[in-house]
Amino acid sequence: MGLDRRGFVKIVVGGVAGTLFTPVIWQSLDDVSIWSQNWGWIPSLNKGEVKAKAALSKLCPAGCAVKVNTVGGLPFAVTGNAANPMSKGGVCPLCAGGAQLMYSPARVKAPMKKVGEGKYEEIKWEDAEALLVEKLTPLKGQDGKIAAISGDETGTANEVLSAMLAGLGNTGFYVMPGEMFTATKGVKLMGGSGQPGFDIEGADLVLMIGADALDSWGTTVANQKAFAATRPTGGAVSAQYIYAGPVLNNTASVCDKWLAVPPTATATFSLALANALIEAGAVSSAADFGDYKALAAKAAAAFEAATGLKADALKELAAKIKAAKAPLVVAGASFGQGAGALDFVAAASLNVLLGRVGQQGGMTLLGNGAKAIASAADRDAAKDAASFLASVATGKATPGALLIYEANPAFALPQATEMAKAMGNIAFKVSFSTYMDETAALADLILPAPHPFERHDDALNPYGVAKATYLAGKPVVAKPVHDCKDPVDVLLAAASKLGLSLGFDTYADVIKAKASALGADYSALTAGGAWTGEAKGGPLTLGAAALAKAAPVALADKTVALAPVTRLAYGTASLATPPANTLTVRNTELLGKDLFVQMNAATAKKLGVAEGNKVKLSAAGSELKALVHVNEGVAADTAAVLLGFGRSAWDEYTKGKGDNVYKILTVSDEAGTGLKVWAGSTVTVAKV
Amino acid sequence: MSGHGAKEFNIKWGMVIDLDKCTGCGACMTACQVENNIAPVLDASNKLRTLSWILVYELSNKKAAPDAEIAYLPRPCMQCGNPACVPVCPVVATDKNEEGGIVSQIYPRCIGCRYCMAACPYHARYFNWEDPVFPKGMEKALSPNTSARPRGVVEKCNFCHTRLMKAKDKARQEGGNPEALADGAYMPACADVCPTGAITFGDLKNPEHKVHELAKSEHAFRLLEKLGLAPQVYYYTRREWVRKLGDNYAATGKAGAEKKHS
C-alpha cells in the first residue's frame, strides 16, 4: 500500500492535531521559559524557619524599636514592634533597610592599620588592641593629650568613654553637634537644667519652628505616630500642625500651614510671634518679662524685612495659638544642628510665655538620669566636637590621640575640609566604626564595630521625648558578618591594660547596670519594651538676657541664606544613603553625580539663574557645584541643598555622588553664648 | 480577560492611601524593595532604569511661595478591576483571575515585549534591563517571599502576594476561614511599615474592613477614574487641589464626582 497525497496530508494534519492535544509541546515551552530564566547568577532565596526577634535599631539617631525578621537565622526584613510604646509599630526608612545594611559593601571587615597615605592593611585583633594600648600609655595622665568624639547621643557607651578618659587624667570628651547639645545649653540660658522634651502626643496645636519633627528631628517615628493619631483616616482632625522653616519639607507637606522663614530669621520669627501673642493678651510671671516684651516688640518691627512674610500671618497664627487648649512650640534647627542656643531660646520661650512648661502637651525637662559609671561625665556637661577640632586647627588643643566612636567628623562638621585637615594634626586617630566612612579613611587604626543587629546597645532619652525613656537591645544574630568587636568591650579591655578598672568587662554588663540604676527591667527592654519615667517641668525664664545679645544677619548682594535639608531616608551625619534607599532620592535632588540647589522663582530671578543652570555656591573658602531646580517650596532669598551627599568614602552607591554641603557651612561664634553656630550660613551663588 | 468591564470577585483587596498623612518619608519604598528583593542600582537617579514597585510622587499646587503646597502620593500597582495591561499580554503572563482581584505577573512566562508597560496609564510596571546584582554577601539578606527576577522580564507590585498566601495558611492552621481574613491579617509590606499609617489595606467588599467605608468617603478618589480601569487603590485627601490632580473631576468638573464603587 503506497502513500498517496491524501494519505500524506492526513498523517501531517493528524500529527499536528495530535501534538496539540498532548501536553508535551506546552510543557516543553513552559520548561524552556523557566530554564531560560533560571541562571546560576540569579540569586536564589534562603530557606529555613521564619522568626521575628525584637531589636533596637540605632541606624537612625533616635533609634527604632523594631522586630527583625529572620529566615534560617539570617535577618532579611525589619518590621515594626507594636508593643513598644515609643515606636508603636512604626519603622523609619533607614531602619526599614537595616538587614541589608549588615551586608553593606562599605562595612569595615577587619581591624586595619594605616600603612601609608590612603593605604591600609588588615591586622589581627590582638595586634590592634595592643597598638591602641601602646599609643595611649605614654599619654596617660596628661590632660588634653587624649580626646574622644562620640557620634552617639543616647548610648551608655558615652559614659564608658568619658569615664575612661577621666581615669586616664583627661577631660576631652566631645559629642558631635546635634539638637540635644544646643537645646541643653539653651535651657541653661533660661535658668533651668536638663534636656528639653516636647509632648507632641498631648498637644492640640503643634508649632514646629525649624524642627523637621515628622521626618528627621527627634524621635521621628514617635512624632509621626503622635501626628497620625490626631488625624485618623476618615475621622476628625484633633490637632493642628504648623511648620515654620525655610523649606516646604516632608514635615511641612502634611502640616495645616507652612510659614516660609529663612534660616537667618528663626529667632526674629519666634520673638515677633511672642509680640503678637503679648498683644493678644499673653503675659508671663517670669522675672524678665519686661525685657522680653521689649525685645519682642523690636523683633516685630523687623519681622517683614527679615522673613519676607506679612505681619498678618503672625496675627493669624497668634489667634490659633490663643484658641488652642494645649499649644506646643517645638524648637529646633531645620537640619538638626548648627542653630545657636539663642534660636532655641527664642522658640522655647514661647512655651514659657504660654505657660506650657511641665504641662500635658507642653515642654518638659529631663534630667541626666542615673549613671552606670559614677566617674562618667554628666550628659548635660557635654562639649562640642566642632569647637574642639577648631582649636586643634589653630593649635590651641594638641591631643596626641583621638578616639572616634560612631562619628564622622571629617564629613559631618561645618567647614568639613578644615575639620578633616585639623584631624591631620593629631598623631594617632582611632575610628570605631561599622562603615568605612570619611573619618575612618583618615584614621591610623580602624576598629570595626558591629552593626546594630549584631551588638548590645541602649538609648536613654532620645532627643525630643517628653518623659525619661530608656531602650535596650541585644544581638539578633549569633555572630557578626565580619570580624568585629564591640567598641565598648575593646575600650574596657584597653582601660584594664592601662591599669584602669571601670567595674565592667563588657558593654552588655554596663547596659544591665544602667537598666538597674534607672530601675528598668533589662529582660523586658531587650524583649522589645521600653522604660519610661515621669514628665517634669521646672522654673524657666524667658531668656531675655541671652536673647538681647542676638545679632541680626544681614545678607550682602548676590548672597542668600543657605538652608541645608535633611531627609532621614537619605542617611544621617554618621550614615551615608544605604543601597536600599538610593531609590527614594528624587531626580530633582540628585541626577547622576550632580546635586541640585533649590530656590524659588523670585530668588532665581534675583540671582540671574534658571532651571538646570550649573552654579557654584561659595562660602567659608570652599565651594559646592550644583544644578538649579526652581522649587516654590523654599523661603525667600534662600538656597536649599540636601545634606549627606558628596561622599568620598563609603561605597559605589554613594561615593562621588553630589557634593558635601558641610564644606560651605560657615562657623561663627554666637554672640553672648560663645557657641559655634552655622545654621544661619550664607552663600554667594554664581553661574558656572 | 476580555477588556470589557471590570471583572468581579467576592473579595477585592484594596488600599485607601491617606495623602494628608503621607510625609513622603520613603519607608514604604524601602520596605517594598526589601520584601521583593529588588537589587540596588548604581545610578538610582536614572529613573528609566530603576524598579519602583511603589513610587512616591511629589505633587505641587504650583503656587508661588509662600502659598506653595506639596503632597506626596505613593503609587503601587492599582490592581485595576479592568486592567489595561492584561488584554495586551500576548502570552498571558499577567492576568486577573484570582479571588481578591490582584493582577498577577508570572515572570517565567513573560517574554519582555513590554506591551503591558505601554498600556498601563499608571506607570506601575517596570522592565528588568539588567540582571539583579546584589553587593557581595547581600544575597544572604534576600527575603524568602519573592523570587529574584532575571533581566528581560516585566515586574510590578502584587500587593505582596506571598503575604496573602501566608495569611491564608495561618487562617487554615488556626481553624479560621482563609476566604474571610480578619482586617489586618494580611498586609503588604508598605502598609505594614508606614510610620504614619497612611496606607489602610483590606477587602473593599468586606464591611468589617476599614477600607470598605473609607473608599466611599467624599474625600476618596481614584487616579484617572475617567479611564474606567476601576483601580482597587483609592486615595484620600481633604485637599481639593490634590483630588483635582487625580483627574477625578474631569467628567463633571467637580471633585469627588463620578464615583463608581463596587
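Residues numbered from 1 in each chain as written. Chains lettered and ligands numbered in written order. Predicted model: local features only at pLDDT ≥ 70, side-chain atom pairs only at ≥ 80, totals over all residues.

Remarks on the overall build of chain A
Consideration 1: Of the regular secondary structure elements, chain A holds 19 helices and 29 strands.
Consideration 2: Relative to the 2.2 N^0.38 estimate, which gives 26 Å for 688 residues, the radius of gyration of chain A is 28 Å and therefore close to what a compact globule would have.
Consideration 3: The dimensions of chain A, computed from C-alpha atoms along their principal axes, are 125 × 65 × 55 Å.
Consideration 4: Here chain A, with 688 residues, has 63% of them falling under the buried criterion.
Consideration 5: Long-range pairs, those at least 24 residues apart, make up 76% of the contacts in chain A with a sequence separation of at least 6. (Helix = DSSP H or I, 4+ residues; strand = E, 2+ residues; numbered from the N terminus. Rg over C-alpha atoms; globule rule 2.2 N^0.38 Å. Buried ≥ 20, exposed ≤ 12 C-beta atoms within 10 Å, placed from the backbone. Contact = placed C-beta atoms within 7 Å.)

Considerations on the pairing of strand β6 (residues 199–203) of chain B
Residue and element names in this part refer to chain B.
Consideration 1: With five of five residues buried, β6 is to be regarded as a mostly interior element.
Consideration 2: Examined bridge by bridge, strand β1 (residues 13–18) and β6 share five bridges and lie antiparallel to one another. Bridge pairing links Gly14 to Gly202 in β6. (Pairing = 2+ DSSP bridges.)

Concerning the interface of chain B and chain A
Consideration 1: Across the boundary between the two partners, chain B contributes 61 residues, which contact 70 residues of chain A.
Consideration 2: Elements that contribute at least two residues to the side of chain B that touches chain A include exactly β1, α1 (27–35), β3 (70–75), α5 (189–193) and α6 (210–214) of chain B.
Consideration 3: It is α1 of chain B that provides the largest number of residues to the side of chain B that touches chain A, a total of seven residues.
Consideration 4: When grouped by side-chain class, the residues that make up the side of chain B that touches chain A number 31 nonpolar, 15 polar and 15 charged. (Nonpolar A, V, L, I, M, F, W, Y, C, P; charged D, E, K, R; others polar.)

Concerning the sheet that holds strand β9 (residues 205–209) of chain A
Residue and element names in this part refer to chain A.
Consideration 1: In spatial order, the strands read β11-β10-β9-β12; together these four strands make up an open sheet with parallel pairing. With one partner strand each, in any of the chains shown, β11 (257–260) and β12 (327–331) form the two edges of the open sheet. Neighbour to neighbour, the strand axes of the sheet diverge by 15° on average, direction disregarded.
Consideration 2: Where strand β10 (residues 240–245) lies against β11, four bridges are found, and the strand directions are parallel. Each bridged residue has a counterpart across the sheet, and for Gly245 the counterpart in β11 is Ala260.
Consideration 3: Docked against the sheet, helix α12 (residues 341–353) engages β9 and β12, running at close to 170° with respect to β12. (Axes fitted to C-alpha atoms, helices over the stretch in contact; angles between N-to-C directions.)

Concerning the domain arrangement of chain A
Consideration 1: Taken domain by domain, chain A comprises domain 1 (5–35), domain 2 (50–101), domain 3 (112–175 + 375–460 + 477–527), domain 4 (183–366) and domain 5 (553–687).
Consideration 2: The distance between the C-alpha centroids of domain 1 of chain A and domain 5 of chain A comes to 66 Å. (Domains from an automatic or database assignment.)

Quick notes on helix α13 (residues 385–394) of chain A
All names here are of chain A.
Consideration 1: Among the residues of α13, Ala385, Ala386, Phe388, Leu389, Ala390 and Val392 are the ones counted as buried.
Consideration 2: For α13, the secondary structure elements touched by its buried residues are β6 (146–150), β7 (172–175), β14 (383–384), α14 (416–423) and β28 (676–677).
Consideration 3: Gly395 lies just past α13 and shows a positive phi near 85°.

Observations regarding the confidence of the model for chain B
Consideration 1: Residues of chain B with pLDDT of at least 70 account for 92%, and the chain-wide mean is 92.
Consideration 2: Taken as a whole, residues 257–262 of chain B scores under 50 in pLDDT and shows 16 contacts with residues more than four places along the chain or in a different chain. (pLDDT = per-residue confidence, 0-100.)

Focus: the sheet that holds strand β17 (residues 445–448) of chain A
Residues and elements named next belong to chain A.
Consideration 1: Across the sheet, which stays open at both edges, the eight strands sit in the order β5-β4-β17-β16-β15-β6-β7-β14 with mixed pairing between neighbours. Either end of the sheet is taken by a strand with one partner, and the two such strands are β5 (119–122) and β14.
Consideration 2: Packed onto the sheet, helix α4 (residues 125–136) meets β4 (112–116), β6, β15 (401–405), β16 (428–433) and β17 and runs at close to 130° relative to β17.
Consideration 3: This element, helix α5 (residues 157–167), spans β6, β7 and β15 of the sheet and lies at about 170° to β6.

Considering the nonpolar core
Residue and element names in this part refer to chain A.
Consideration 1: With 334 residues, the main nonpolar core has Val160, Val330 and Ala639 as its most contacted residues.
Consideration 2: In terms of residue count, α12 provides more of this core than any other element does, 10 residues in total.
Consideration 3: Aside from chain neighbours lying at most four places away, what touches Val160 is Ile373, Val488, Leu491, Leu492, Leu502 and Val510. (Core = buried A, V, L, I, M, F, W, Y, C linked by C-beta atoms within 7 Å.)

Some thoughts on the packing of helix α9 (residues 266–279) of chain A against helix α10 (residues 289–307) of chain A
Residue and element names in this part refer to chain A.
Consideration 1: Put simply, α9 and α10 touch, their axes get as near as 7 Å, and they point 120° apart. On the basis of the axis angle, α9 is oblique to α10. Considering only the axes of α9 and α10, their crossing is left-handed. Here α9 contributes Thr268, Phe269, Leu271, Ala272, Ala274, Asn275 and Ile278 to the contact with α10, which in turn contributes Lys293, Leu295, Ala296, Ala297, Ala299, Ala300, Ala302, Phe303, Ala306 and Thr307.
Consideration 2: When its residues are assigned to classes, the contact of α9 with α10 shows 13 nonpolar, three polar and one charged. (Parallel < 35°, antiparallel > 145°, perpendicular 65-115°, else oblique. Left-handed = near helix turned anticlockwise from the far one by under 90°.)

Notes on helix α4 (residues 161–173) of chain B
Consideration 1: For α4 of chain B, spanning 13 residues, the distance from its first C-alpha to its last is 19 Å, which sits close to the expected 18 Å at 1.5 Å a residue.
Consideration 2: In the segment just after α4 of chain B, Gly175 of chain B is the residue with positive phi, at about 80°. (Expected span 1.5 Å × (residues − 1).)

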